[in-house]
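Analysis of the macromolecular model
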Amino acid sequence: MELFIDILTDAMLDSLKMLPFLFGAYLLMEWLEHRSGEGMEKLLARARRLGPFTGALLGCVPQCGFSVAAANLYAGRVITMGTLVAVFLSTSDEAVPLLLGDPSRAGALLPLLGLKVAVGALAGLAVDQVMARRPPREEGIHDLCHHCHCEEGSILWAALRHTGSIFLFILVVNLALGGGVALLGEERLAALLLDGSLLQPVAAALLGLIPNCAASVLLTRLYLAGAVSFGALAAGLLSASGVGVLVLFRANPRPRENLAVLGLVWGTGGAVGLILQLLG
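Starting afresh in each chain, residues are numbered from 1 along the sequence in its written order. In view of the model being predicted, local features appear only for residues whose pLDDT reaches at least 70, and side-chain atom pairs are presented and counted only at 80 or more, with totals across whole chains, interfaces and linings using the full set of residues. Note that water and hydrogens are dropped before the side-chain values are worked out from all heavy atoms of the structure.

1. Things to note about the packing of aromatic side chains
Here is the rule: By convention, a stacked pair of Phe, Tyr or Trp rings (six-membered ring in the case of Trp) has centres within 6.5 Å and planes under 30 degrees apart, an edge-to-face pair has planes over 60 apart, and any other such pair is tilted. A ring is considered to have a charge above it if a Lys NZ or an Arg CZ atom is located within 6 Å of its centre and within 35 degrees of its normal.
Tallied over the entire structure, the rule returns one aromatic pair. Over the face of the ring belonging to Tyr-74 we find Arg-77, whose NZ or CZ atom lies 4.8 Å from the ring centre.

2. Quick notes on unusual backbone geometry
In most cases, non-glycine residues show a negative phi, while peptide bonds are predominantly trans. Let me state the cut-off plainly: Numbering of helices and strands starts at the N terminus; helices are DSSP runs of H or I of at least 4 residues and strands are runs of E of at least 2. Exposure is judged per residue with a 1.4 Å probe applied to protein chains only, and the accessible area is read against the type maximum: over 50% gives exposed, under 20% gives buried, and values in between give partly exposed.
Even without a glycine there, the phi angle at Arg-77 is positive, about 60°. By secondary structure assignment, the location of Arg-77 is in the loop between α5 (65-75) and α6 (81-90). Classification of Arg-77 as buried rests on a relative accessible area of 17%.

3. Some points on helix α16 (residues 255-279)
The criterion, for reference: Helices are assigned an expected span. That span is 1.5 Å times one less than the residue count. Contacts are residue-level and defined by heavy atoms, with any inter-residue pair within 4.5 Å sufficient.
Under the 1.5 Å per step criterion, the end-to-end length of α16 is 36 Å for 25 residues, consistent within 8% with the ideal 36 Å. Among the residues of α16, Glu-257, Asn-258, Val-261, Val-265, Gly-269, Gly-270, Val-272, Gly-273 and Gln-277 are the ones counted as buried. Here the buried face of α16 lies against α5, α6, α8 (109-131), α12 (200-208), α14 (230-239) and α15 (244-251). Just downstream of α16 lies Gly-280, where phi reads positive at about 80°.

4. Regarding the environment of Ala-205
Residue position: Ala-205 is located in helix α12. The contact partners of Ala-205, leaving out residues within four places of it in the chain, are Ala-235, Gly-236, Ser-239, Trp-266, Gly-269 and Gly-270.

5. Brief notes about the side chain of Thr-220
Secondary-structure assignment places Thr-220 in helix α13 (residues 214-224). Judged by relative accessible area, which is 1%, Thr-220 ranks as buried. Excluding its chain neighbours within four sequence positions, the residues that come into contact with Thr-220 are Ala-95, Leu-98, Leu-99, Leu-233 and Leu-237.

6. Topic: the confidence of the model for the protein chain
Selection criterion: For every residue, the predictor assigns a confidence score, pLDDT, that lies between 0 and 100.
The share of residues in the protein chain with pLDDT of 70 or more is 78%, and the mean pLDDT across the chain is 78. Mean pLDDT in the protein chain bottoms out at helix α9 (residues 141-148), which sits at 50, and peaks at α16, which reaches 94.

7. Details of the nonpolar core
Nonpolar side chains tend toward joint burial in soluble globular proteins. So the rule is basically this: As used in this record, nonpolar core signifies buried Ala, Val, Leu, Ile, Met, Phe, Trp, Tyr and Cys residues forming a set joined through side-chain atoms within 4.5 Å.
The biggest cluster of nonpolar side chains holds 35 residues, and the ones touching the most others in it are Leu-84, Phe-88 and Val-261. Every element with two or more residues in this core is listed here: α2 (19-34), α5, α6, α8, α10 (155-184), α15 and α16. Ignoring any residue separated from it by four or fewer positions in sequence, one finds Val-261 in contact with Met-81, Leu-84, Val-85, Phe-88 and Leu-248. In this structure, Leu-112, Ala-204, Leu-207 and Leu-219 belong to the second largest nonpolar core, which totals 18 residues.

8. Focus on a nonpolar patch on the surface
Put simply, the rule is: Nonpolar side chains (Val, Leu, Ile, Met, Phe, Trp, Tyr) within 5 Å and like charges within 9 Å form the patches, drawn only from residues with over 30% relative accessible area and no salt bridge. Reported accessibility uses the Shrake-Rupley method at a 1.4 Å probe radius. Residues are deemed covered only where the shown protein chains occlude them. Each salt bridge in this description consists of a side-chain nitrogen of Lys or Arg and a carboxyl oxygen of Asp or Glu lying within 4 Å of one another.
Side chains of Leu-27, Leu-156, Trp-157 and Leu-160 sit close together on the surface and give an oily, nonpolar patch of about 390 Å² of accessible area. Secondary-structure assignment places Trp-157 in helix α10.

9. Describing the pattern of salt bridges
Across all of its chains, the model carries one salt bridge by this definition. Glu-257 is paired through a salt bridge with Arg-77; the nearest N and O atoms lie 2.8 Å apart. Placement of the pair is Glu-257 in helix α16 and Arg-77 in the loop between α5 and α6, with a sequence separation of 180 residues.

Below you can see the structure in the form of structure tokens.
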């Protein structure tokens, strides 16, 4: 019973952290939907060019709320795929306070954050360059609002409806993931990371895809204990975007795009980790 209460408490706290970012993203999207026009489209087009830089900088703030907001904004076509990838790659959460809490490893924090921002921005720019060659899609915020019939009410009410729906979904999944991690235990999960293998960063990047902050906590603890290399830590934290991936698959009704984003994040994280591993 005590274990269940702990899992429920952790899931509730993790989900509540997302609420301000969820509501802010949906409020912005509803406002853009009601204020859409030629002038607004030109403004957004100019802002999108610098999106990957801004996304990478915002993502490195130690919480995963920006990845949640970015997933929703991408689903509404407010930001580009490159900006979304940049945010996902640079997202930082519990890893920052855990590294700061260990004076012997705190020196790795700034290089790690700098690496995440640089990789996120460069990868995001590359993705936008490729996507710019493809025909633009017409679907956007209006398409999302049409499916839920929320354009008929006020901006505030529509944003609250979106937020409540996604919040309940996140809470249920966090409960399931928290229970799974508790039952498996950190030792079994650590065994999956190919201890001593050159391919450890690839396995760490896969672990980082778990849509929960527990993945980054586990990776950082293993690094502090000397069980994984800096390359594996970097690979896992580059691919660890928290519940942002979860929200992306829920909010964006384009599964191929979602899988492409997931593959880009995992592939980039694994590749960077392998390079660091080879460099020692």
